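In case you want the letters, here they are:
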Amino acid sequence: MEQLRVPGPTPLPKEVLQAISKQMINHRGPEFRQLFKDVTEKLKTVFQTKNDLLVLTGSGTGGLEAAVVNMLSPGDKVLSVSIGVFGDRFANIAKTFGAEVIKLSFEQGKPADVDSIRKALQADAAIKAVLVTHNETSTAVTNDLKSIAAVVKKEFGKLLLVDGISSIGSINLPVDEWQIDVAISGSQKGWMVPPGMTMLAISQEAWQANAKAKMPRFYWDLAKAKASLEKGETPWTPAVSIVFGFGISLDMLLKEGLPNVFARHARVAKAARDGARTLGLSLLVADEKYASNTVTAIMGTNGLDPKKLNQIMREQYKIVLAGGQGALEGKIFRIGHLGFVDVPDIDDIMAHLKLALPQAGLVK
Ligand SMILES: Cc1ncc(COP(=O)(O)O)c(C=O)c1O
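On a predicted model such as this, the values are computed, not experimentally measured, just so you know.

Visitor: Which parts of the structure should I look at to understand the site of the ligand?
Guide: Around the ligand, a shell composed of 13 residues is seen, among which Ser59, Thr61, Thr137, Asp163 and Gln188 lie nearest. One of the side-chain N or O atoms of threonine 61 is found 2.5 Å from an oxygen atom in the ligand. With respect to the ligand, the side chain of threonine 137 contributes an N or O atom lying 2.4 Å from an oxygen atom. The set of elements that each furnish at least two residues to the shell around the ligand consists of helix H3 (60–71) and helix H4 (85–96).

Dropping the structure here:
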């Protein structure tokens with residue numbers, strides 16, 4: 001069997017595999033209602049929020065679209081803070097639905113500069129909302145969201161929509177404490193369940209914005225999802241099997257304890273970075289302070305061909321790593337280390353990388 005180490009989907013614990021293979025039940029029956037309510041409450045604990053938490057069927061991008069179309073109107077000015085492919089995607093969604101997007105982009109491998117965000121907000125009082133990625137999976141950078149949120153909320157009082165797809169549940173993101181208005185995640189990341197659901201925490205301020213927002217929406221209508229949740233249901237047929245999976249995986253995460261889950265991800269990420277450096281590799285993220293705990297990006301320097309390396313790792317050693325995206329295609333490879341993972345998994349990858357690197361061109 002292959003060892004899957006891309007930044008989502010992730011391998012699943014056997015207990016979750018058993019749960020997702022269970023026979024179907026009526027998604028409007030008592031058993032599902034109870035389970036869905038339980039899962040929603042447990043997700044709130046992991047999101048560290050008392051706000052409404054909605055679980056929708058769709059991928060993370062659907063969650064980003066839901067956040068945009070439910071909070072904004074065509075013509076609204078939006079500040080997009082982008083440090084990579086997923087930040088750009090969030091901006092593109094807003095643009096597609098008619099927002100006036102002001103883009104603030106930063107160099108590949110670097111975090112967003114908090115002072116530049118402050119200046120952009122000072123420069124245009126008409127900006128209504130800020131879109132930002134917590135953990136940019138394409139470059140393996142984690143933004144200093146706490147400081148960004150303090151500027152956006154405390155200094156300027158703007159609506160803050162956060163892509164926490166590859167961080168929430170793996171990297172600390174206390175939604176209420178940092179005053180995030182909409183925080184979005186995706187089931188295939190650190191949650192130890194398959195792809196197919198997106199989860200959004202919605203603040204009171206966000207609901208007020210929602211009441212006035214005029215972008216078109218139907219499937220992603222959060223007010224409909226909230227009304228259905230009061231009955232323990234979803235407006236449309238949900239991915240029942242993933243809800244079964246959540247029923248198990250959330251118990252596993254909560255039993256381990258959130259601080260321990262975050263510490264495990266930090267430990268695993270450090271093992272990946274230290275291991276890569278020991279093998280003579282260079283990391284895309286120069287400043288350790290912003291290096292992601294869920295994914296590590298390694299550069300194709302010193303003759304290394306990242307595409308060839310990933311092919312060798314997959315074909316010879318059955319280890320599946322990720323390549324680069326967008327402008328980084330062919331220039332980096334990435335190790336996903338989120339969800340069901342611990343240090344021995346990284347040690348195993350490093351042992352095989354040591355064998356594969358010379359074959360993929362690395363000269364020391
Ligand atoms: C930070 C981030 N944003 C957005 C997405 C898009 O999610 P999905 O592929 O589930 O639509 C991903 C997934 O790779 C991601 O890592």
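Visitor: Which parts of the structure should I look at to understand the environment of aspartate 342?
Guide: Checked against the element boundaries, aspartate 342 lands in the loop between strand S14 (332–336) and helix H12 (343–359). You can call aspartate 342 partly exposed: its relative accessible area is 28%. A sequence separation of 79 residues divides aspartate 342 from alanine 263, and the C-alpha atoms of the two residues are 11 Å apart. Aspartate 342 has contacts with Arg264, Arg267 and Val268, leaving out every residue within four places of it along the chain.

Visitor: Help me out: how do you make sense of the pattern of salt bridges in this one?
Guide: Opposite charge on two side chains permits pairing when their charged atoms draw close. Within the structure shown, the criterion is met by 25 salt bridges. With a shortest N-O distance of 3.0 Å, lysine 226 and aspartate 52 are connected by a salt bridge. Of this pair, lysine 226 sits in helix H8 (residues 222–229) while aspartate 52 sits in strand S2 (residues 52–57), and the two are 174 residues apart along the sequence. Exposure remark for lysine 226: the relative accessible area of 28% places this residue in the partly exposed category.

Parameters at a glance
Along every chain, residues carry numbers that run from 1 in the direction the sequence is written. Only residues with pLDDT of at least 70 get local features here, since the model is predicted, and only at 80 or more are side-chain atom pairs given and counted; chain-wide, interface and lining totals rely on the full set of residues. The side-chain values count all of the structure's non-hydrogen atoms but skip hydrogen atoms and water molecules. Any residue with a heavy atom positioned within 4 Å of a molecule or strand is treated as near that molecule or strand. Two N or O atoms count as a polar contact when they lie within 3.5 Å, although within protein this holds only if one can serve as hydrogen donor and the other as acceptor, and sequence-adjacent residues are included solely when both atoms are side-chain atoms. Per the convention used, a helix needs a DSSP run of H or I reaching at least four residues, while a strand needs a run of E reaching at least two, with both numbered from the N terminus. For every residue, the accessible area obtained with a 1.4 Å probe (protein chains only) is divided by the maximum for its type, and the residue is called buried under 20%, exposed over 50%, and partly exposed between those limits. By definition in these notes, contact holds between two residues if any of their heavy atoms fall within 4.5 Å. Each reported salt bridge corresponds to a side-chain nitrogen of Lys or Arg within 4 Å of a carboxyl oxygen of Asp or Glu.

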